[in-house]
Amino acid sequence: MKNRFFRNAVLVLVSVILGLGFVSCKKESGGVKKIHVAHTNNYKPYDFINDHGASDGYEVAVLKEIDKLLPEYEFEYTPTSDDDLLIGVLQGKYDVGTKGIWITEERRKKYVFPENPIAASIIGIVIRTETADVIRDLPSFAKYSGKLVPIGAANAQYTVIDEYNKANPNDAVKLIAGDSFGASDGYVWVNEGRYDAHVDIKLSFENNVLKDGAPYSAYRDSLTFIPYKGIPTWPIFNIRNKKFAEDYDRAILQLKENGTLSKLAVEYFGEDVSEFLK
């Protein structure tokens, strides 16, 4: 009798444990999905680690606002390098990556891009200040000489200038593919007169030339940045995250309509960079 009672008690206990396990699994399968977000750790003001050791930057701030609008997801942020971000999203280590990314045809083959960008970067040309009276934009630069610092063919900036040349065959600049991804000596070459313009991002020019202690601050008075256009920047999603990309689009449109994107842009950039996309 005791053995039978003991066996029955054990069976009841096992049933309860299995039932609890089933409920637990059911809750987990129907619960919040964790989204692993990778961002660069030193690309101010887009993405960086702040003085408190926390993920920060305009794009991170936008994603945090998107997280609030999507209760079915929970975002977890990982600061990392450019290479780890790109490879990690491609391999599924991260669900989404953000680092001021531009779209290229090669990237379209590897990642899912949403319908709506997250921000914009302002691209233009750096010229010698002494030529600013005659060089006011790309067409006037083309007429002046069109002598542009070579750009790495894999660089998205090359695509921007190539598209300009195709749209403006009568005012095309001399686009030459360089041997490397970027020309770190572009400021020097323009200042010396070897070339007459260097394609650059406004933020890069400010950080490299205009800021106190910048590596090329000696050229602050001799070089001038002329904006050309705003280039959308995008988060990239792992190929398996098309549904999440659609949810991102739904949320970011809400942030655009309620003014959150403009507010954050002014906070981090000092201007509403989305205006350059119009």
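See the structure shown above.
Here the structure is a predicted model, which is why all the values come from computation and not from measurement. (Residues numbered from 1 in each chain as written. Predicted model: local features only at pLDDT ≥ 70, side-chain atom pairs only at ≥ 80, totals over all residues. Heavy atoms only, no water.)

Asker: Could you clarify how one ought to interpret the environment of Asp 137 in this entry?
Answerer: Inspection of the secondary structure assignment puts Asp 137 in the loop between strand S7 (119-128) and helix H5 (138-144). According to the relative accessible area criterion, Asp 137 is partly exposed, its value standing at 34%. A sequence separation of 89 residues divides Asp 137 from Ile 226, and the C-alpha atoms of the two residues are 6.7 Å apart. Residue contacts for Asp 137: discarding those within four places in its chain leaves Ile 125 and Ile 226. A distance of 2.8 Å separates polar atoms of two side chains, one belonging to Asp 137 and the other to Ser 140. (Helix = DSSP H or I, 4+ residues; strand = E, 2+ residues; numbered from the N terminus. Buried < 20%, exposed > 50% of the residue type's maximum accessible area, 1.4 Å probe, protein only. Contact = heavy atoms within 4.5 Å. Polar contact = N/O pair within 3.5 Å; in protein donor to acceptor, adjacent residues only side chain to side chain.)

Asker: I would appreciate a short explanation of helix H9 (residues 242-257) in the present structure.
Answerer: Residues that lie three or four places apart on an α-helix share one face, since the helix turns once every 3.6 residues. The terminal C-alpha atoms of H9, which comprises 16 residues, lie 23 Å apart, in line with the 22 Å expected from a rise of 1.5 Å per residue. Regarding H9, the residues found buried are Phe 244, Ala 245, Asp 247, Tyr 248, Asp 249, Ala 251, Ile 252 and Leu 255. Where H9 is buried, its residues contact strand S1 (33-40), helix H2 (58-69), strand S5 (73-80), strand S6 (96-101), strand S11 (223-237) and helix H10 (260-269). Immediately beyond the C-terminal end of H9, within one or two residues, lies Gly 259, with a positive phi of roughly 85 degrees. (Expected span 1.5 Å × (residues − 1).)

Asker: Any chance you could explain the pattern of salt bridges here in plain terms?
Answerer: Note on pairing: side chains with opposite charge can pair once their charged atoms come close. In total, this model carries 14 salt bridges according to the counting rule given. A salt bridge links Lys 166 to Asp 162; its shortest N-O distance comes to 3.3 Å. Pair noted here: Lys 166 and Asp 162 are both in helix H6 (residues 156-167), with a separation of four residues, about one helical turn. The closest approach of N and O atoms between Asp 212 and Arg 220, which form a salt bridge, is 3.3 Å. Within this structure, Glu 72, Lys 243, Asp 247 and Arg 250 form a network of salt bridges that share partners. (Salt bridge = Lys/Arg side-chain N within 4 Å of Asp/Glu carboxyl O.)

Asker: Just to check I follow, could you spell out the sheet that holds strand S10 (residues 198-201) for this structure?
Answerer: Taken in spatial order, the six strands of this open sheet run S5-S1-S6-S11-S7-S10, and their pairing is mixed. Whereas interior strands pair on both sides, the edge strands pair on one side only; in this sheet they are S5 and S10. Between one strand and the next, the sheet's axes are offset by a mean angle of 25 degrees, whatever the strand orientation. Alignment of S1 against S5, held across eight bridges, turns out to be parallel. Across the sheet, the residue bridging to Ala 38 is Thr 78, located in S5. Of the strands in this sheet, S7, S10 and S11 touch helix H8 (residues 202-210), which is tilted by about 95 degrees from S10. (Pairing = 2+ DSSP bridges. Axes fitted to C-alpha atoms, helices over the stretch in contact; angles between N-to-C directions.)

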